[in-house]
Amino acid sequence: ILLLAEGGMQAATLQAVADRIGLSRGFVTRRYVSKEQLFIQVLDHLKDWFNQIVADATYRQHGVTAIESLIKSLADQSFEHSAKFKAYFWLCCFGQGANRQLNRHLLATRRGMAAIYKQWLKEALVLEEIARNADLEMMADLMMSSVIGLVHSWMINPKFNLELRLRQLAEIHIRNMFKNSHLYYSTNYWGE
């Protein structure tokens, strides 16, 4: 996780892991078999960590409140768990193409998060927090992309205030999206 956070996927080699923990490369290779297997195990670990954040942040929350609670929780934890956020981002955004097995894990991770957002949006629909004709998939994609974009900005610019931007996303952007959800309607093609 630290190697990924510090230098990305190129830095997280089996030799670098062995050097970091003070063991032989052979030991690390026996444990993980390949770099891709190492990434899959790290991804699974980070996915469990992230799912716990989701569960804790959204306990007994529904609809827009659940989404806002999650994003605010990410803001609260962005400094304390910065290495985990960076490693998770590296894997989720730059892990594709590494190998098929890792790609399947990444796709399952993405689909799982999209399903959670869609569930909250369905709850928002029932709670009449969004318009009945709103495209829930489009809204979920926009919210997830916003979080990913903010994390990316933070990773390339250490002065970028991730905590502040995530709070603004939760308190301003998401609320505006919900208030104007009638603009996010389903169409067969853009401009219909």
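Criteria and cut-off values
- Residues numbered from 1 in each chain as written.
- Predicted model: local features only at pLDDT ≥ 70, side-chain atom pairs only at ≥ 80, totals over all residues.
- Heavy atoms only, no water.
- Helix = DSSP H or I, 4+ residues; strand = E, 2+ residues; numbered from the N terminus.
- Contact = heavy atoms within 4.5 Å.
- Areas by Shrake-Rupley, 256 points an atom, 1.4 Å probe, with all protein chains shown as cover.
- Lys, Arg positive; Asp, Glu negative; His and termini not counted.
- Charge placed at Lys NZ, Arg CZ, Asp CG, Glu CD.
- Buried < 20%, exposed > 50% of the residue type's maximum accessible area, 1.4 Å probe, protein only.
- Salt bridge = Lys/Arg side-chain N within 4 Å of Asp/Glu carboxyl O.
- Phe/Tyr/Trp six-rings, centres within 6.5 Å; stacked < 30°, edge-to-face > 60°.
- Lys NZ or Arg CZ within 6 Å of the ring centre and 35° of its normal.
- Core = buried A, V, L, I, M, F, W, Y, C linked by side-chain atoms within 4.5 Å.
- Axes fitted to C-alpha atoms, helices over the stretch in contact; angles between N-to-C directions.
- Parallel < 35°, antiparallel > 145°, perpendicular 65-115°, else oblique.
- Left-handed = near helix turned anticlockwise from the far one by under 90°.
- Nonpolar A, V, L, I, M, F, W, Y, C, P; charged D, E, K, R; others polar.

### Comments concerning the overall build of the protein chain
Within the protein chain, the secondary structure is distributed over nine helices and zero strands. Beginning at the N terminus, the succession of helices and strands in the protein chain can be written as α-α-α-α-α-α-α-α-α. Its C-alpha atoms give the protein chain principal-axis dimensions of roughly 60 × 35 × 30 Å. Excluding contacts between residues fewer than 6 apart, the proportion of contacts in the protein chain whose partners are at least 24 apart in sequence is 66%. Accessible surface, the protein chain as shown: approximately 11,000 Å² in total, 53% of it carbon and sulfur. Within the protein chain, the 18 negative side-chain charges are centred at a point lying 6 Å from the centre of the 22 positive side-chain charges.

### A look at the side chain of Glu 123
Looking at the secondary structure, you find Glu 123 in helix 7 (residues 100-126). The side chain of Glu 123 is buried and forms no salt bridge, while Lys 122, the nearest opposite charge, is found at 9.9 Å. In this structure Glu 123 touches Gln 61, His 62 and Gly 63, once residues within four positions along its chain are discounted.

### Quick word on the packing of aromatic side chains
Evaluated as defined, the whole model comprises four aromatic pairs. Where Trp 49 meets Phe 85, the ring centres are 5.2 Å apart and the plane angle is 75°; that geometry is what we call edge-to-face. Of this pair, Trp 49 sits in helix 4 (residues 35-57) while Phe 85 sits in helix 6 (residues 82-94), and the two are 36 residues apart along the sequence. For Trp 49, a relative accessible area of 13% corresponds to the buried category. Linked through ring pairs, Trp 49, Phe 50, Phe 85 and Tyr 88 together constitute an aromatic cluster. Stacked on the ring of Trp 154, the Lys or Arg Lys 86 has its end atom at 5.0 Å from the ring centre.

### Notes on the nonpolar core
Among the nonpolar cores identified, the biggest contains 61 residues, and Tyr 117 and Phe 178 are the most heavily contacted of them. Broken down by element, this core gets its largest block of residues, eleven residues, from helix 4. Each residue touching Tyr 117, except ones within four places of it in the same chain, is listed here: Ile 67, Leu 70, Ile 71, Ala 140, Met 143, Met 144 and Val 147.

### With respect to the environment of Ser 82
Looking at the element boundaries, Ser 82 is found in helix 6. The spatial distance from the C-alpha of Ser 82 to the C-alpha of Phe 27 is 28 Å, given a sequence separation of 55 residues. Once residues within four sequence positions are removed from consideration, Ser 82 is found in contact with Gln 77 and Trp 154.

### Describing the pattern of salt bridges
By the definition in use, this model includes seven salt bridges. Arg 175 is the salt-bridge partner of Glu 68, the closest N and O atoms lying 2.5 Å from each other. Placement of Glu 68 in helix 5 (residues 63-77) and of Arg 175 in helix 9 (residues 162-179) is noted, with a sequence separation of 107 residues between them. Arg 167 serves as the salt-bridge partner of Glu 163, at 3.8 Å between the closest nitrogen and oxygen. A residue pair is termed a helical-turn pair when its members lie 3 or 4 positions apart in one helix, as Glu 163 and Arg 167 do in helix 9 at four residues. Judged by relative accessible area, which is 24%, Arg 167 ranks as partly exposed. Overlapping salt bridges, with partners in common, bring together Asp 76, Glu 163 and Arg 167 in one network.

### A few points about the packing of helix 4 against helix 5
It is the contact of helix 4 with helix 5, at a shortest axis distance of 9 Å, that shows an interaxial angle of 120°. Classified by the interaxial angle, the pair formed by helix 4 and helix 5 is oblique. The chirality of how helix 4 crosses helix 5 is right-handed. Along its contact with helix 4, which presents Phe 50, Ile 53, Val 54 and Ala 57, the element helix 5 presents Ser 69, Leu 70, Ser 73, Leu 74 and Gln 77. When grouped by side-chain class, the residues that make up the contact of helix 4 with helix 5 number six nonpolar, three polar and no charged.

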